[in-house]
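# A closer look at the structure
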Amino acid sequence: MHDLTAIVADITEEMQAAPDRGRPADYIPALARADVSQFGMAIVTADGSVHTGGSADEPFSLQSVTKVFALTQALGRVGDQLWDRVGREPSGSAFNSIVQLESEQGIPRNPFINAGAIVVSDVNLARGAPRAALAELVNFVRYLADDDTIAVDTEVAASELETGFRNVALANYMKSFGNLRRSPEEVLDLYFGQCAIAMSCRQLAMAGRYLMAAGLNPTNGHRVVSEARARRINALMLTCGHYDASGDFAFRVGLPGKSGVGGGILAVAPGRASISVWSPGLNAQGNSQLGTLALERLATRTGWSVFARGAVADS
Ligand code: GLU
C-alpha cells in the first residue's frame, strides 16, 4: 500500500518550489492574470479516501477538461452515431488548429480538440437553448462530484466570447461542411459557457471517479456509463487528451488524462484513483507545466501507469 499522504506532500513541496513554471494562457484575457505560483493536487482512491496538497480547494477554470464530461453526455444522447461526425484519432496538431478540417471534410479528428468539442456541443444542444444545455452539463458535473456549489465563471465565459475568434472560425468552417445542426453562435454560446465551468482539484477528482470505477458513481453506486464506455473514454483521453503532446504525456505519465488551458489536468488510474492537478503555467503545447510534472512524479512513485506491470496488481 502506498503512503499517498506522504507522496502528495512530497510532490506538492517540490512543485511549490519549482523554478520553471510555464506561462498562463494569454489569449483569454481572464486567464492571463492567473498566478503561476499556485499548485494544487487531489487524489480520490477507489476506497474513497481523499488526499490533497497545495491549493486543492481553489476553483480554477476547467476549460478543455470539460470536454470529457461533455463527451460523456453526448455519447449518452446519441451513442455511437457521434462517431459519424467526430473521429477518434490523435490530431498531432494544436488544440485550436483548423488545418485538418479542410482535407477531412469538416470532420474533426477527435472530441478533445476544439473543433471536436464544438461538434459535441452541437450534439448536446440538440433542440434546446444554449442556457438550458449548459445548466444540464453543470448539473451533471455536480452530480458526478457530489457537490452542488460547482458553477460557471461568467467573467471567463464573457472573455472568451469576446476573443474566441479561432473558435468562431472553426464553428463556421464546420457549418459550411454541414457538420453543425445549430447556428455557430448558439453552439459557441454553449461551448464557451462549458469551458468556463470552474472547479477545485478536489471537486474535479471527485467528478472523475466514474472513469476509475468502471462507469459507476461511487457516491451512490449508480451507473453513469457502461464499463465499456468508461474504458473507451479513458482510451480517448490517453491518445488525444493532451493535444499534440498526447504521445509525450503517455510516455511520461502513462495514464489517461485530459488537460485544459486553465492549467488543470484530470488523470485516471483505472480501478485505483481519480487524480486532479492544477497549476496555471502552461508549456508550449498548452498543457500545465507543473501539473504534468506532478503526475509524472506520482506515476513513478506509485507505478500506476497503465503500461506498468504493477498496473493490474493491487497497490
Ligand atoms: N476555451 C478554450 C478554447 O476554446 C479551451 C482550450 C483548452 O483548454 O484547450 O480555446
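Right, let's get into helix α5 (residues 114–125). Because an α-helix packs 3.6 residues into every turn, residues spaced three or four apart end up facing the same way. Between the first and last C-alpha of α5 there are 16 Å, a value that for twelve residues agrees with the 16 Å anticipated at 1.5 Å per step. Here α5 lies mainly inside the structure; twelve of its twelve residues are buried. Taken together, the buried positions of α5 are occupied by Asn 114, Ala 115, Gly 116, Ala 117, Ile 118, Val 119, Val 120, Ser 121, Asp 122, Val 123, Asn 124 and Leu 125. Elements in contact with the buried residues of α5: α3 (66–78), α4 (99–103), α6 (130–145), α8 (165–176) and α9 (184–195). One or two residues past the end of α5 sits Ala 126, with phi positive at roughly 45°.

With that out of the way, let us pick up the packing of helix α1 (residues 4–17) against helix α14 (residues 289–302). Where α1 contacts α14, the two axes come as close as 10 Å, and the packing angle between them is 145°. Classified by chirality, the crossing of α14 by α1 is right-handed. Mapping the contact onto sequence places Leu 4, Ile 7, Asp 10, Ile 11, Glu 14 and Met 15 in α1 and Leu 290, Leu 293, Ala 294, Arg 297, Leu 298, Arg 301 and Thr 302 in α14. Partitioning the contact of α1 with α14 into residue classes produces eight nonpolar, one polar and four charged.

Right, let's talk about the environment of Leu 31 for a bit. Relative to the helices and strands, Leu 31 is located in helix α2 (residues 29–32). A residue is classified by how much of its surface remains accessible, and Leu 31, at 8% relative accessible area, is buried. Sequence-wise, Leu 31 and Asn 114 are 83 residues apart; in three dimensions their C-alpha atoms are separated by 17 Å. Sequence-distant contacts of Leu 31, defined by excluding residues within four places in its chain, comprise Pro 24, Ala 25, Ser 61, Gln 63, Val 156, Val 261 and Gly 262.

What follows covers the pairing of strand β1 (residues 40–45). The element β1 is extensively covered by neighbouring structure, given that six of its six residues are classed as buried. A two-sided burial pattern is seen for β1, the buried positions comprising Gly 40, Ala 42 and Val 44 on one face and Met 41, Ile 43 and Thr 45 on the other. Hairpin remark: β1 followed by strand β2 (residues 50–54), antiparallel, with four residues in the connecting loop; positive phi at Gly 48, about 95°.

Close to the ligand lie Tyr 27, Gln 63, Ser 64, Phe 95, Asn 114, Glu 160, Asn 167, Tyr 191, Cys 195, Tyr 243, Gly 260 and Val 261. Between the ligand and Asn 167, the relevant distance is 2.8 Å, taken from an oxygen atom to a side-chain nitrogen or oxygen of the residue. For the ligand, whose free accessible area comes to 290 Å², the fraction covered by protein is 99%. Across the shell around the ligand, the residue classes tally to six nonpolar, five polar and one charged.

This brings us to the sheet that holds strand β10 (residues 273–278). What the five strands build is an open sheet, ordered β2-β1-β10-β9-β8; its pairing is antiparallel. Each having just a single partner strand, β2 and β8 (257–259) make up the two edges of the open sheet. Between one strand axis and the next, the sheet turns by 10° as a mean value, whatever way the strands run. Each of β1 and β2 is contacted by α1, which is oriented at about 20° to β2, the strand it contacts most.

Analysis parameters
- Residues numbered from 1 in each chain as written.
- Predicted model: local features only at pLDDT ≥ 70, side-chain atom pairs only at ≥ 80, totals over all residues.
- Heavy atoms only, no water.
- Helix = DSSP H or I, 4+ residues; strand = E, 2+ residues; numbered from the N terminus.
- Expected span 1.5 Å × (residues − 1).
- Buried < 20%, exposed > 50% of the residue type's maximum accessible area, 1.4 Å probe, protein only.
- Contact = heavy atoms within 4.5 Å.
- Axes fitted to C-alpha atoms, helices over the stretch in contact; angles between N-to-C directions.
- Left-handed = near helix turned anticlockwise from the far one by under 90°.
- Nonpolar A, V, L, I, M, F, W, Y, C, P; charged D, E, K, R; others polar.
- Pairing = 2+ DSSP bridges.
- Near = heavy atom within 4 Å.
- Polar contact = N/O pair within 3.5 Å; in protein donor to acceptor, adjacent residues only side chain to side chain.
- Areas by Shrake-Rupley, 256 points an atom, 1.4 Å probe, with all protein chains shown as cover.

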